Amino acid sequence: MDTAPSYHVIFSGKLREGFELSQVQQAFAERLKLPREQLDRLFSGKPQVIKRTHSPEEAKKLATGLAKMGAVVRIQTSKTTKPAAEKPAATPKQNTPASELPKFSPYPKGGKLISGLILAAATEVFFDLLYLLMLLACSVGLLYYNLFTTWGSAVIGFGPLALLVQMVTLLFGLLLLFLIAKPLLSFSRGHRHGIQLTPEQEPDLYAFVEEVCKQIGAIPPQVIRINNDIAVGLGYQRGPLGFVLNRHVLTIGTPLAAATDTSQLAALIAQSLQLFNSKSLSPRAAFLLRSSDSWLQRAIYGQDTIDRTLANLIAEKSPLAVVATPLQQLIALSRKALGWRLVLSRQLNRRLVHRLVADADKVSLVFSGSTGFSQLIEQQRLLAFASQNILPTLNERWNREGSLPENLVQAMVLRCKQYPPSIHEQLRTMQEKEKAACHDTIPSDRQRLRRVSKMNAPAAYPGNSPATKLFRSFDKLAKTMTLRLYYNRLGIPVSPNLLIPATVPDKQLQQQLDAIFQQLYRDFIPLKLRHRIKMVGSYEEATAQHAAALDEIASGRSHAELALKRCVENAQALIDVTTQELMYRADLWRQWGVESIGRDGLEHIHQACRDQEQGLDETINLLARQLKPYVQRLATSLALLDTPAADEINNAGALHKEVTALSKVLERIEQSVPQLQNLHLHTTLLRTLLSYNGAERGKLHDRIQEQAGDIQQLLAGLGANLKTTPYPFDNDRSHKNLMAFALRHAHTDEGAAGEFDRGNDVVEQIIKVQRHILGRLCTIALHVEKELGL
């Protein structure tokens, strides 16, 4: 009997992308219990057999486990030099669809294609208009004949029985109208809560998209947006005017941007642009085809408000479940009838859509090349799978742990890196089954790759850097999109103060501040530094005040720590009590978890808000007094640059000029501190309201609009001061003023959410500038002290 092992698990030292050598070595040592000599041999770069076994399942299990640890391994049989996953017999199986799929046969190009698109789009519009006409006719006929006539008496002589028949007919008619009209709820996809990016905010991204358009001869989009979808798409601006005037909107999914390089993102953009590459009628026809197909698919396979309500009634075993269950079954039957309409439409339009897909794939090959295109298809599918696995667990995680990832985009990309290589074949098979079941007109990834494999094209687009480099602040955008997904799409009532922390300064800047202020500095504290610098008249006066400040610091630190603690507590108390008042005024006290109160109770809370405001002002002034010796030390050190002793300091003239400019800007910012405090409070309140925004009307909607209006007024008042304040760190003068710099980083959108972004980002950016200025002044002051031996 042949006792030789059948399967060898082989490792050559190669690691998966994103894993560090030391990390993988440690994981190997812990799992395989290897001594150091064997571990070094494994990672020498030469093929090493880790396991010999007769069982293919055992070999696959070990290979999967090692892949999760970051290793690239292969399974090899003892009778061939090829891995088991790459045996010749397996190749036809990989290229054979798992289900019966239509042949990927594109429609001919040229005038026939354009004529076919226009005819198909006209047919879709005709069917949709016929559907609406049928709905209108049934509605008018039902209401007219059952409410304004007595047809029952004419048919049945007995009056009560005639009335009963007429009422039963009306009820059945209303039920029929309900089933016919229900698909209209899925007509609009709804707002995806994306963020609109302007050329001023993201000039590199707009330049990149324009370059892609130039290379393929397409019309550049008027607007670029980002959202949480796993796709890059092109559409028309809202309303019929955008469709008529051919105004395009390019939407980029943040997970795709995070997982691709620039050539792959260019390929995705080119794919979308290919459908809109001329001013003829064909792009609009293609858009109508895709829109009609998308609507029917949502109506048949998606869930609207009615579906979710019925499912909840059945799950909760409500008394209404007796009605909900048969109604759910009737809806399922009506969807089958609508499914025949979708199958007919897809059979008629299949080859047209195949041509659109084939042309888009061919264009994308110019940017990514054959290898990059294959990787892009795999990455899109993997991201979609990761999204399907992560999103459903978020509500449960929030209820269980009370915490969520701050950057869901990053979490998705990391999850993709943890899947074993074998997942790709499983996902391809799963995708083909789904497409065959619904007669999808878009060919499967395997069909597309098989067609593209005949076009061995190198990547002609230069640059393979991460696509996120095109965004000036991608990390912030990803966190903002994460929060919007939580409270808009998933309906999680997130706490904005706990989920997304406030501005956190970098460590180096904090060290610069702590060198003078000893961890006692807090934002929004007016230091009046420029005034104290001016009060120093001579070298002797400066050194005397400097020495006195050091003595006072040594004896009074405990009082400053107490003042800082009280200031932090007062600020949080003000946010808490103001939020409580807002919750009552917006009728959200049940969701907030508090009891109902009357007018007197609400007035009492309002007065508590005013008391907390006054208390915060007092503690800020107290902390400013306790920080006076620290500011005096800083001011006297900087004032020495304007005395004869400055001759002993290297580059004193340039430092004095820099101190003068920075202290002027710092003074202008401190003059705006009350407005910044109010803006910070109002944005915090608006974020909390938005996290509960599930209705379009009522007191909540009114409060959201009120808070958004308050933010607009505060920004206008803040801009009046800061628009005349230069941005101090602008070497190339690309920013007109400090307010322009702050607004450039404010990724805004229409509506209240956009006002929150604008207000929150302005506060963040100005705080960063204030800290940067103060940190730089502290560094200069320490340099002066060192040079003069203070």
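Analysis parameters
Residues numbered from 1 in each chain as written. Predicted model: local features only at pLDDT ≥ 70, side-chain atom pairs only at ≥ 80, totals over all residues. Heavy atoms only, no water. Helix = DSSP H or I, 4+ residues; strand = E, 2+ residues; numbered from the N terminus. Buried < 20%, exposed > 50% of the residue type's maximum accessible area, 1.4 Å probe, protein only. Contact = heavy atoms within 4.5 Å. Areas by Shrake-Rupley, 256 points an atom, 1.4 Å probe, with all protein chains shown as cover. Salt bridge = Lys/Arg side-chain N within 4 Å of Asp/Glu carboxyl O. Pairing = 2+ DSSP bridges. Axes fitted to C-alpha atoms, helices over the stretch in contact; angles between N-to-C directions. Arc of directions from axis to C-beta. Core = buried A, V, L, I, M, F, W, Y, C linked by side-chain atoms within 4.5 Å. Parallel < 35°, antiparallel > 145°, perpendicular 65-115°, else oblique. Left-handed = near helix turned anticlockwise from the far one by under 90°. Nonpolar A, V, L, I, M, F, W, Y, C, P; charged D, E, K, R; others polar.

S.K.: I'd love a proper account of the overall build of the chain, names of residues and values included.
M.R.: For the chain, the helix and strand inventory stands at 30 helices and seven strands. Taken across its 790 residues, the chain has 46% of its residues classed as buried. Relative to all contacts within the chain whose residues are 6 or more apart in sequence, the contacts with residues 24 or more apart total 79%. For the chain, the accessible area works out to roughly 40600 Å², and carbon and sulfur atoms hold 55% of it.

S.K.: Describe the pattern of salt bridges, listing the residues and the values that go with them.
M.R.: Counted by the stated rule, this structure contains 26 salt bridges. Ionic pairing is found between R346 and D293, a salt bridge with its closest N-O pair at 2.8 Å. Here R346 is found in helix α14 (residues 321-401), whereas its partner D293 is found in helix α12 (residues 282-301), with 53 residues between them in sequence. By relative accessible area, which is 2% here, R346 ends up buried. Of the residues examined, D293 reaches a relative accessible area of 16% and is grouped as buried. The partner of E667 in a salt bridge is R530, with the nearest N and O atoms 2.7 Å apart. You can see E667 sitting in helix α26 (residues 652-671) and its partner R530 sitting in helix α21 (residues 529-534), a full 137 residues away along the chain. On the accessibility criterion, E667 (26% relative accessible area) is partly exposed. Put simply, D361, E378, R381, E425, R428, E432, D445, R446 and R448 are held in one network by salt bridges that share partners.

S.K.: For the sheet that holds strand β3 (residues 71-77), give the residues involved together with the corresponding values.
M.R.: In any sheet, the strands associate via hydrogen bonds between backbone groups, in a parallel or an antiparallel arrangement. Taken in spatial order, the three strands line up as β2-β1-β3 in an open sheet, and their pairing is antiparallel. In the strand order of this sheet, the two ends are held by β2 (48-53) and β3, each with one partner. Strand-to-strand twist in this sheet, taken as the mean axis angle between neighbours without regard to direction, amounts to 25°. Judged from the six bridges that link them, strand β1 (residues 7-15) and β3 form a sheet pairing that is antiparallel. What sits directly across from V9, in β3, is I75.

S.K.: Lay out unusual backbone geometry in plain terms, naming residues and giving numbers.
M.R.: Residue H439 is not a glycine yet carries a positive backbone phi of 55°. In this structure, H439 sits in the loop between α16 (423-438) and α17 (445-452). Even without being glycine, N651 reaches a positive phi, approximately 60°. Note on placement: N651 falls in the loop between α25 (628-639) and α26.

S.K.: Could you give an account of helix α20 (residues 507-517), naming the residues involved and the relevant values?
M.R.: Of all the positions in α20, only L509, L513, I516 and F517 are classed as buried. For α20, the angular spread of the buried residues around the axis is 85°, confining them to a single face. Across from the buried face of α20, at angles greater than 90 degrees, the exposed residues are K507, Q508 and Q511. Packed against the buried residues of α20 are α25 and α30 (752-788). In the segment just after α20, Q518 is the residue with positive phi, at about 55°.

S.K.: So what about the nonpolar core? Which residues, and what values?
M.R.: Core analysis: the largest hydrophobic core is formed by 83 residues, its most contacted members being F517, L529, L634 and L638. Take this core: its biggest share by element is 16 residues, from α30. Apart from the residues within four sequence positions on either side, L638 is in contact with L529, I533, V659, L777, I780 and A781. The next biggest cluster of nonpolar side chains, apart from the first, holds 54 residues, and it includes A218, F367, F471 and L485.

S.K.: Which residues make up the packing of α14 against α17, and what are the values?
M.R.: At their nearest, the axes of α14 and α17 sit 10 Å apart, and the two run at 125° to each other. If you check the angle between α14 and α17, you find them oblique. The interaxial crossing formed by α14 with α17 has left-handed handedness. Judged by residue contacts, V357, A358, D361, L365, F373, S374, I377, E378 and R381 of α14 engage D445, R448, L449, R451 and V452 from α17. Across the contact of α14 with α17, the residue classes tally to seven nonpolar, one polar and six charged.

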